[in-house]
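What the coordinates show
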Amino acid sequence: MNRTITMNLSGIIFHIEEDAYEMLNKYLATIKSYFNDAESRDEIMSDIEGRIAELLQEKVSTIKQAILLQDVNAVIALMGKPEEFAGDNQQTDFKQAEQENTHQQPTNKAKRVFRDTDNKILGGVCSGVANYFDFDPIWLRALFAISFFAFGSGLLLYIILWIIIPEAKTTAEKLEMRGEKVDINSISKVVKDELNDLKNRANKFGDEMGSKETKDRLKYYGDKLFEFVRDTLYNLIRIVAKIVAVFFVFIAIILLVVLLAGIFGNGSVFSENFGGNSINFSLFDVSTFILPKNLPNELVSLALLLFIGVPLLSIIYSCIKHLFGIKEKNKIVKYMASTLWLFGLALTVYMTIEISNEFSQQAYSKESIKINQPINETLYLDAKTIPNADFTFLFNQRNRKIDFYNKFLFSKTDSTFSLGYPTMEIVESETDSFQLVVIKSARGFDKKQAIKNAKNITYSTTQKDSTLILNSYYDINTEDQLRFQKVKIILKVPLNKVIYLSKRMEKIIYDVDNVSNTWDNDMVDRRWVMTSHGLQCIDCSGLDDTENNIPLAPTPPTPPPTPSRNSKVKNI
Amino acid sequence: MNIENTKAQMKKGVLEFCILSVLSDGDHYPSEIIEKMKVAKLIVVEGTLYPLLMRLKNDGLLSYRWEESTSGPPRKYYKLTPVGEQFLKELEITWNELVDSVNKTIIKK
């Protein structure tokens, strides 16, 4: 009794005894090694396999179903030994051909990557790849073991490789796996060989061009030239494609690690600047307050993972397949990837709609704040920053703050968010007293919710004698969610009254109109008087870049002699 | 000097010519070509044919098409291209000249 193997040869299924199979396999592998040119090799091999399949088919019948060793031997005798028929490419001297073949055989035999299941720990991926590049697998294993902890990205890569790389099952495959070293030397040798081949063909082509001149022939050589150019281009494209594939794998792996790090690291943002300050912030903390209550963070993570992660994995998968020249298609993987991605897409679309609904309506809430009128006609304005809010280091769980280039402020304590900055406008008052109006705005999924969100904003000011201290932040209760809450402050200054803007006001004032068109950041630390044309600077004469400013009469209360906005450039 | 080698090489030189000749009367797939060549004792082992067909095809002398077969894998039917026909004509002339001169040389002896 003998064990048989099921074998597919040229699309026909055979039951073949094990020893016969080994024999046939060895025979085909030997033939293969006799051909140098990869492209015609594949075609010749498929022709020969087709013929062998035809011959073997004659050997089986309903009574004798299995192929035996003697059948294979008979077929081999009929087909001939490889050295009898192959390897005579252009050579006339048979012996020389044979000699060259034995020389070329080891160098041209392509090494293939297989999983080495004889030396496996998990799936034999590391030992297989190490075999391919000829180094000790322990290094690769160590690398993978470490990267398992990098948010599992190593594990994912390992599984991809496990799926793509076939297992070395037969002796022939095991030999192929251990074949010649694939290193820089052999690669440059292959390139050199290919260049030589091209050169030979070009030379041959030139010789042939020179010797014959009939019109008929010209067309024939035209075709040849076309083929030559086409082949050269094809080779070039193949090389470029490999380089692009390496590049893509590299980029995709980086993006994947970032994605996984973002999701499994709870969205931690960690950065350290040179001053020794650092921010450690979890995006999940924030997103909880942005997402609608029926959308948990986990769902968003899942959607992102599928929607972005699956395409990245597919890129890595197909590029690696291309690089190692693996042709086998894995339908299950394909279907699974498409299904998962579509699921992620649907989830993402659903969430986008849900989230944008939450922001669909906007509402305002207006509020006047009573201020005591200053005694000496000048109101000093100052801003108050968040307590303990010089650029804070935020390792603890309680206090977090982001201060983005003075444009945006975000800070969270257990009970409140502090957001910044409110924007402040300064206009002329209709009455003869200073007035402060605060307009709060927010969004929500309906008008009612939006109004509620706007009203829940807390903004406070304090006054000490003639100094009005404005908070440079506004607070939101952590029970509310973040819905574009904004605060706009309008200070109404009566005619001929003076305000002083402290240095700290720079963050709050926003495009304040003034007679001299001075930028906001030049307006601070100065006094301004309200004229019938708008704010005018009192102590700006020392400014270097104030070509725009108009010299003033020293007495602040008296209105200046009609400085118009149009004439400002010519003065000074 | 190996007599078998010399014999093999003499045959090899005319093999391409014979394949082209076989195909000049219509399209054939490799097994048919092999049958005809075997009858003429030109081919000893079948494997010889495939690299030759490949080379002729790569040189633009032959083309092929696939055809389903009732038993076994689909077959490649080979066919002479116009270039191949031209090539064959010239080879025929050369062959006839060669046979003439070789015969003359042998008979003179």
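Because the structure is a prediction, the values reported are computed rather than measured. (Residues numbered from 1 in each chain as written. Chains lettered and ligands numbered in written order. Predicted model: local features only at pLDDT ≥ 70, side-chain atom pairs only at ≥ 80, totals over all residues.)

Describing the overall build of chain A
Looking only at helices and strands, one finds 16 helices and 19 strands in chain A. Long-range contacts, defined here as pairs at least 24 residues apart, represent 64% of the contacts in chain A between residues at least 6 apart. (Helix = DSSP H or I, 4+ residues; strand = E, 2+ residues; numbered from the N terminus. Contact = placed C-beta atoms within 7 Å.)

Quick notes on the overall build of chain B
When its secondary structure is counted, chain B shows four helices and two strands. Counting from the amino terminus, chain B carries its helices and strands in the arrangement α-α-α-β-β-α.

Focus on the confidence of the model for chain B
Residue and element names in this part refer to chain B. In the predicted model, chain B carries a mean pLDDT of 83, and 96% of its residues have values of at least 70. Across chain B, helix H4 (residues 82-108) holds the top mean pLDDT of 88, while helix H1 (residues 3-23) sits lowest at 80. Scored as a complex, the prediction yields pTM 0.45 and ipTM 0.82. (pLDDT = per-residue confidence, 0-100.)

Side note on helix H3 (residues 69-79) of chain A
Along an α-helix, residues three or four apart share an orientation, since each turn contains 3.6 residues. All names here are of chain A. Among the residues of H3, those classed as buried are Asp71, Val72, Val75 and Met79. Buried positions in H3, seen along its axis, are confined to an arc of 95° and lie on one side of it. Turned more than 90 degrees away from the buried face of H3, the exposed residues are Gln70 and Ala77. Just downstream of H3, Gly80 is the residue with a positive phi angle, here 95°. (Buried ≥ 20, exposed ≤ 12 C-beta atoms within 10 Å, placed from the backbone. Arc of directions from axis to C-beta.)

So, the interface of chain A and chain B
Counting residues at the interface gives 23 residues for chain A and 20 residues for chain B. Among the elements of the structure, helix H2 (38-59), H3, helix H4 (82-85) and helix H11 (215-264) of chain A are those that each provide at least two residues to the side of chain A that touches chain B. By residue number, the principal contributor to the side of chain A that touches chain B is H2(A), which donates ten residues. Each residue belonging to the side of chain A that touches chain B can be placed in one class, and the counts come to ten nonpolar, seven polar and six charged. (Nonpolar A, V, L, I, M, F, W, Y, C, P; charged D, E, K, R; others polar.)

Some thoughts on the packing of helix H8 (residues 153-164) of chain A against helix H13 (residues 297-324) of chain A
For any two helices packed against each other, the geometry is given by the interaxial angle and the distance between the axes. Residues and elements named next belong to chain A. At a minimum axis distance of 10 Å, the contact between H8 and H13 shows a crossing angle of 45°. With respect to H13, the axis of H8 lies oblique. Between H8 and H13 lies a crossing whose hand is right-handed. Where H8 approaches H13, its residues Leu156, Ile160 and Ile164 are matched on the opposing element by Leu313, Ile316, Tyr317, Ile320 and Lys321. For the contact of H8 with H13, the residue count by class is seven nonpolar, no polar and one charged. (Axes fitted to C-alpha atoms, helices over the stretch in contact; angles between N-to-C directions. Parallel < 35°, antiparallel > 145°, perpendicular 65-115°, else oblique. Left-handed = near helix turned anticlockwise from the far one by under 90°.)

Focus: the sheet that holds strand S6 (residues 361-369) of chain A
Residues and elements named next belong to chain A. The four strands are arranged S6-S12-S16-S11 in an open sheet whose pairing can be described as mixed. Each having just a single partner strand, S6 and strand S11 (423-428) make up the two edges of the open sheet. Across the sheet, the axes of successive neighbouring strands diverge by a mean angle of 20°, strand direction being ignored. The pairing of strand S12 (residues 435-444) with strand S16 (residues 486-493) spans seven bridges and is antiparallel. Pairing of Val438 across the sheet is with Ile489, part of S16. Contacting S6 and S12, helix H15 (residues 447-455) runs over the sheet at an angle of about 35° to S6. (Pairing = 2+ DSSP bridges.)

Regarding helix H6 (residues 125-133) of chain A
Residue and element names in this part refer to chain A. Across the nine residues that make up H6, a large majority, seven, are buried. Within the sequence span of H6, burial applies to Val125, Cys126, Ser127, Gly128, Val129, Asn131 and Tyr132. Of the residues trailing H6, Asp134 is marked for its positive phi of about 60°.

Here we look at the nonpolar core
Of all hydrophobic cores here, the largest spans 40 residues; its most connected members are Leu381(A), Ile499(A), Leu501(A), Ile508(A) and Ile509(A). The residues touching Leu381(A), leaving out its near neighbours within four places in the chain, are Leu468(A), Leu470(A), Ile499(A), Tyr500(A), Leu501(A), Ser502(A) and Met505(A). Counting residues in hydrophobic clusters, the runner-up holds 37 residues, among them Phe14(A), Ile44(A), Leu56(B) and Leu61(B). (Core = buried A, V, L, I, M, F, W, Y, C linked by C-beta atoms within 7 Å.)

Re the packing of H1(B) against helix H2 (residues 30-39) of chain B
Residues and elements named next belong to chain B. Two elements in contact, H1 and H2, have axes whose closest approach is 10 Å; the angle formed by their N-to-C orientations is 115°. The two elements H1 and H2 meet at a crossing, and its hand is right-handed. On H2, the residues that touch Cys18, Ile19 and Val22 of H1 are Ile33, Lys36 and Met37. Counted by class, the contact of H1 with H2 contains five nonpolar, no polar and one charged residues.

Considering the sheet that holds strand S1 (residues 4-9) of chain A
Through backbone hydrogen bonds, the strands of a sheet pair up, either in parallel or in antiparallel fashion. Residues and elements named next belong to chain A. The sheet built from three strands is open, its strands ordered S1-S2-S3 with mixed pairing. Whereas interior strands pair on both sides, the edge strands pair on one side only; in this sheet they are S1 and strand S3 (66-67). As judged from the six bridges shared by S1 and strand S2 (residues 12-17), these two strands associate in the antiparallel manner. Considered in S2, the bridge of Met7 is made with Phe14. Set on the sheet, helix H1 (residues 18-34) makes contact with S1, S2 and S3; between it and S2 the angle comes to about 115°.

Some thoughts on unusual backbone geometry
Residue and element names in this part refer to chain A. If you check the backbone angles, Asp465 has positive phi at about 55° while not being a glycine. Relative to the elements of secondary structure, Asp465 occurs in the loop between strand S13 (461-464) and strand S14 (467-471). Here Phe484, not a glycine, exhibits a phi torsion of approximately 55°, which is positive. Here Phe484 shows up in the loop between strand S15 (474-477) and S16. Looking at Phe484, the number of C-beta atoms within 10 Å reads 14, which means it is partly exposed.

Here we look at the pairing of S14(A)
Residues and elements named next belong to chain A. Two elements, strand S7 (residues 378-384) and S14, share five bridges in a ladder whose sense is parallel. The partner of Ala383 across the bridge, within S14, is Leu470. Hairpin remark: S13 followed by S14, antiparallel, with two residues in the connecting loop; positive phi at Asp465, about 55°.

Notes on the confidence of the model for chain A
All names here are of chain A. In this model, chain A carries a mean pLDDT of 75, and residues with pLDDT of at least 70 account for 73%. Throughout residues 87-108 the model reports pLDDT below 50, and contacts reaching past four residues in sequence, or to other chains, amount to 20 contacts. Across residues 388-399, where pLDDT falls below 50, the model places 18 contacts with residues more than four positions away in sequence or in other chains.

Some details on the environment of Arg112(A)
All names here are of chain A. Counting through the fold element by element, Arg112 comes out in the loop between helix H5 (94-108) and H6. What makes Arg112 partly exposed here is the crowd of 19 C-beta atoms within 10 Å. Each C-alpha atom, one on Arg112 and one on Met177, is 5.3 Å from the other, the two residues being 65 residues apart in sequence.

Examining the environment of Phe289(A)
All names here are of chain A. Position of Phe289 among the secondary structure elements: in helix H12 (residues 283-290). Classification of Phe289 as partly exposed rests on a count of 15 C-beta atoms within 10 Å. Spatially, the C-alpha atoms of Phe289 and Asp480 are 7.5 Å apart, while their sequence positions differ by 191 residues. Residues contacting Phe289, with those up to four places away along its chain left out, are Gln481 and Leu482.

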